[in-house]
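Chain by chain, the residues:
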Amino acid sequence: MPLDLSHMRSTLADHYDLTPSAKLAASMGHIYDRMDRVVSPPDWAIYAPYVKAINTLKKERNAVILGHNYMTPEIFHGISDFVGDSLQLAIKATEVDADVIVQCGVHFMAETSKILSPSKTVLMPDMDAGCSLAESITAEGVEDIRSRYPGAPVVSYVNTTAEVKAASDICCTSSNAAQIVAAQDSHTVIMTPDQYLAQNVARDVPQKKVVWWEGSCIVHEQYTAQDLRDFREWNPGTRLIAHPECPPDVVNEADFSGSTSGIIKYVTDEKPDKAMLITECSMASNIADSLPEVDFVGPCNMCPYMKKITLEKVLWSLHSMEGQVEVDAEVAKKARLSVQRMIDLSRQLGI
Ligand code: 13P
Ligand code: SF4
């Protein structure tokens, strides 16, 4: 059921003082310091009452907030207990000691947390926060491509539904995809659903024949290699850093490619004077304050699904306990095998 925004707002107004307050904002300067390069003081005065209410309620509910690297800075720095890429958040879901997980990310991430921690309540602040990759394939699709390559293992990106994970042999994320594919005991390996991640892996793992599903990410598929060449010409010396969901010619044109946490590590280690992150817009914003010496330049693309998560909806989910993610027990059991195999293999490979 879609969120009833007017009911949500009137109920929240009855329970919390959410009036913008410069005084409250000033008293929460230790949090604001982490984002003052990218969030203006008037905006912080609007966010501060929500951040305070969420952080108080979080303790009352014994909840933890897992925030993906694509969350906006007020969510990433203001309320998240743990931040990271898909692999790091999936692992964190197995480790946290809490009754409730609030997933600040998209639906497949919340499902992954529920699959790994079935006894915890997993809240999704907006059930409509989907993903074009997860929507591109079903369990029947997995069986269809499997039947075309008999005996080949199916490696599915975590950006998939629980049913697709259950129909797969093992999962991967952008931070371990090449190593997971390389470790398969078969010459042919099927990758679903991201054709571009698969093509980037195929280039890095030439000893395997990688075949793929034709899905793509609506954020990363928009970049072209010509965009990168034009940008380099216009702004010489800029380090171009691309997520592997970008088409291979874009990744080839970039100076570095990695998962969202790989990108953060690269920029933190290298500290280039100028960097263009060829990925979702919030990435640069979230690391801008910790890297004052780096000038983040150039265009970025927004993920409409990630941007569905707001402070207001997070507060509502914790207040109402609505938006609980459920996964059918049989599906969860099979899906857990695929995710756990990925986590175990990643640990074994030291990723
Ligand atoms: P990461 O695993 O690199 O965080 O990527 C998740 C995602 O959805 C990128 O679009
Ligand atoms: Fe899905 Fe792309 Fe959004 Fe990531 S950025 S959640 S892959 S649509």
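What counts as what
Residues numbered from 1 in each chain as written. Chains lettered and ligands numbered in written order. Predicted model: local features only at pLDDT ≥ 70, side-chain atom pairs only at ≥ 80, totals over all residues. Heavy atoms only, no water. Disulfide = S-S within 2.5 Å. Helix = DSSP H or I, 4+ residues; strand = E, 2+ residues; numbered from the N terminus. Buried < 20%, exposed > 50% of the residue type's maximum accessible area, 1.4 Å probe, protein only. Near = heavy atom within 4 Å. Polar contact = N/O pair within 3.5 Å; in protein donor to acceptor, adjacent residues only side chain to side chain. Areas by Shrake-Rupley, 256 points an atom, 1.4 Å probe, with all protein chains shown as cover. Nonpolar A, V, L, I, M, F, W, Y, C, P; charged D, E, K, R; others polar. Contact = heavy atoms within 4.5 Å. Axes fitted to C-alpha atoms, helices over the stretch in contact; angles between N-to-C directions. Parallel < 35°, antiparallel > 145°, perpendicular 65-115°, else oblique. Pairing = 2+ DSSP bridges. Phe/Tyr/Trp six-rings, centres within 6.5 Å; stacked < 30°, edge-to-face > 60°.

**Remarks on the state of the cysteines**
Inference 1: Applying the stated criterion across every chain, the model contains one disulfide.
Inference 2: Residue pairing for C281: its cysteine sulfur links by disulfide to C300, the two sulfurs lying 2.1 Å apart. The sign of the S-S torsion, about 100°, decides the handedness of the disulfide formed by C281 and C300: right-handed. With C281 in the loop between β11 (274-278) and α15 (282-288) and C300 in the loop between β12 (295-296) and α16 (311-320), the pair connects residues that are 19 residues apart, well separated along the chain.
Inference 3: By relative accessible area, C281 is classed as buried at 15%.
Inference 4: Assessed through its relative accessible area of 34%, C300 is described here as partly exposed.
Inference 5: With no disulfide of its own, C104 has C303 as its nearest cysteine by sulfur position, at a separation of 14 Å.

**Observations regarding the site of ligand 1**
Inference 1: Residues in contact with ligand 1, as listed here, are H68, Y70, D85, S86, N159, S174, H220, H243, E245, S259 and T260.
Inference 2: A distance of 2.7 Å separates an oxygen atom of ligand 1 from a polar atom in the side chain of H68.
Inference 3: Within the contact set of ligand 1, an oxygen atom lies 2.6 Å away from a side-chain nitrogen or oxygen of T260.
Inference 4: For ligand 1, the accessible surface in isolation is 300 Å², of which the surrounding protein chains cover 96%.
Inference 5: Residues of the shell around ligand 1, tallied by class, amount to one nonpolar, eight polar and two charged.

**Section: the side chain of S117**
Inference 1: Within the secondary structure, S117 is located in the loop between α7 (107-116) and β4 (121-123).
Inference 2: In contact with S117, not counting residues within four places along its chain, are A93 and T94.

**Considerations on the packing of α7 against helix α17 (residues 329-348)**
Geometrically, a packed helix pair is captured by the angle between its two axes and the distance between the axes.
Inference 1: The N-to-C vectors of α7 and α17 enclose an angle of 95°; their axes lie 9 Å apart at closest approach. Relative to α17, α7 is oriented roughly perpendicular. For the pair formed by α7 and α17, the contact residues are T112, I115 and L116 on the first element and A332, A335, R336, V339, Q340 and I343 on the second.
Inference 2: Of the residues that constitute the contact of α7 with α17, the class distribution is six nonpolar, two polar and one charged.

**Some thoughts on the pairing of strand β7 (residues 188-192)**
Inference 1: Across the five residues that make up β7, a large majority, five, are buried.
Inference 2: In β7, alternate side chains face the same way, and those of T188, I190 and T192 on one face and V189 and M191 on the other are all buried.
Inference 3: Looking at chain direction, strand β5 (residues 154-157) and β7 are connected through three bridges and run parallel. Along β7, the bridge assignment pairs V155 with M191.

**A look at the packing of aromatic side chains**
Inference 1: One pass over the structure, following the stated rule, counts three aromatic pairs.
Inference 2: Between the aromatic rings of Y32 and W44, the centroid separation amounts to 5.5 Å while the plane-to-plane angle is 15°, which identifies the pairing as stacked. In this pair, Y32 sits in helix α3 (residues 29-32) while W44 sits in helix α4 (residues 41-60), placing the two residues 12 residues apart along the sequence. We note that Y32, like W44, is buried.
Inference 3: Centroid distance F231 to W234: 5.3 Å. Interplanar angle 70°. Geometry classified as edge-to-face. Highlighted residues: F231 and W234, both in helix α12 (residues 225-234), separated by three residues, approximately one helical turn.
Inference 4: Overall, the relative accessible area of 7% leaves F231 in the buried class.
Inference 5: Residue classification places W234 among the exposed residues on the basis of a relative accessible area of 63%.

In short, geometric facts, not functional conclusions.
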